[in-house]
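# Structure at a glance
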Amino acid sequence: MLKIDELKVSYGGIEAVKGISLEVPERQIVTLIGANGAGKSTTLRTIAGLVKPAHGRIHLQGEDITGFVPDRIVSKGITLVPEGRHVFPDMTVLENLKIGAYLRRDDLEEDIRWVYDLFPRLKERSWQAAGTLSGGEQQMLAVGRALMSRPKLMMMDEPSLGLAPLVVKGIFDIIKEINRQGVTILLIEQNANMALQTADLAYVMETGQITLSGPGRELMNNDAIKKAYLGK
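To keep things clear, this report deals only with the structure shown in the data block. (Residues numbered from 1 in each chain as written. Predicted model: local features only at pLDDT ≥ 70, side-chain atom pairs only at ≥ 80, totals over all residues. Heavy atoms only, no water.)

Let's shift gears to the overall build of the chain. Per the secondary structure count, the chain includes 10 helices and 10 strands. What you see for the chain is a C-alpha radius of gyration of 17 Å, in line with the 17 Å of a compact globule of 232 residues. Overall, the chain is about 45 × 40 × 30 Å in size when its C-alpha atoms are taken along their principal axes. In the chain, which comprises 232 residues, the share counted as buried stands at 50%. For the chain, contacts bridging at least 24 residues in sequence account for 67% of all contacts bridging at least 6. Counting every atom, the chain has about 10800 Å² of accessible surface; 50% of that belongs to carbon and sulfur. Charged side chains of the chain number 28 positive and 28 negative; the gap between the two group centres comes to 1 Å. (Helix = DSSP H or I, 4+ residues; strand = E, 2+ residues; numbered from the N terminus. Rg over C-alpha atoms; globule rule 2.2 N^0.38 Å. Buried < 20%, exposed > 50% of the residue type's maximum accessible area, 1.4 Å probe, protein only. Contact = heavy atoms within 4.5 Å. Areas by Shrake-Rupley, 256 points an atom, 1.4 Å probe, with all protein chains shown as cover. Lys, Arg positive; Asp, Glu negative; His and termini not counted. Charge placed at Lys NZ, Arg CZ, Asp CG, Glu CD.)

This part is about the packing of helix H6 (residues 135-147) against helix H7 (residues 165-180). Where H6 contacts H7, the two axes come as close as 10 Å, and the packing angle between them is 15°. Viewed along their axes, H6 and H7 adopt a mutual orientation that is roughly parallel. Handedness of the H6/H7 crossing: right-handed. Across from Gly136, Gln139, Met140, Val143 and Leu147 in H6, the residues of H7 making contact are Val167, Ile171 and Ile178. For the contact of H6 with H7, the per-class residue count stands at 6 nonpolar, 2 polar and no charged. (Axes fitted to C-alpha atoms, helices over the stretch in contact; angles between N-to-C directions. Parallel < 35°, antiparallel > 145°, perpendicular 65-115°, else oblique. Left-handed = near helix turned anticlockwise from the far one by under 90°. Nonpolar A, V, L, I, M, F, W, Y, C, P; charged D, E, K, R; others polar.)

If you want it as structure tokens, here you go:
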């Protein structure tokens, strides 16, 4: 579905992403793991059109989308669930969901029901201000809001950040369910153990470069990965 070739991204003369190439197969869960500052978030932000690449190409289902503005990226079927959730705190849960569909001109009721089926707690809090939700509920809302654009590919930046272990398991169960329903997932996650258990395909990123790739569960048995990311 997504193909990146020789992508380079610089900030003020510092090269944050150093010519990476990767592929995200359709209907799979792909994870990108690595230490803070490795260039993972920059990669997602560049795919989403929030950062302009210095070099390289990005293709979605064979179409070159390199340099497209964020609105156009969303219209092509890519959404980003950002790190830190960034819900609109003074707006209700339902209003936040509708903002996720801002490019659409059709009826939203079926998709709102879909999100509420995935996240019954959001339905219970439909008229509650988003800023009063718990961290886990806000993460659910951020994911639900992204789904309202009917994405082909959903990118997620640290969905488990700051959440209790039980809530994290629930979020990953939902990620797998969304994938089963046909949405391709590209995931950045500090919880490498959970990410590798969940992912069909994994890439390891270090200082702006891809250093290792393979099936998620295969990488879990790699001695270097165990030592660096799994605490074993």
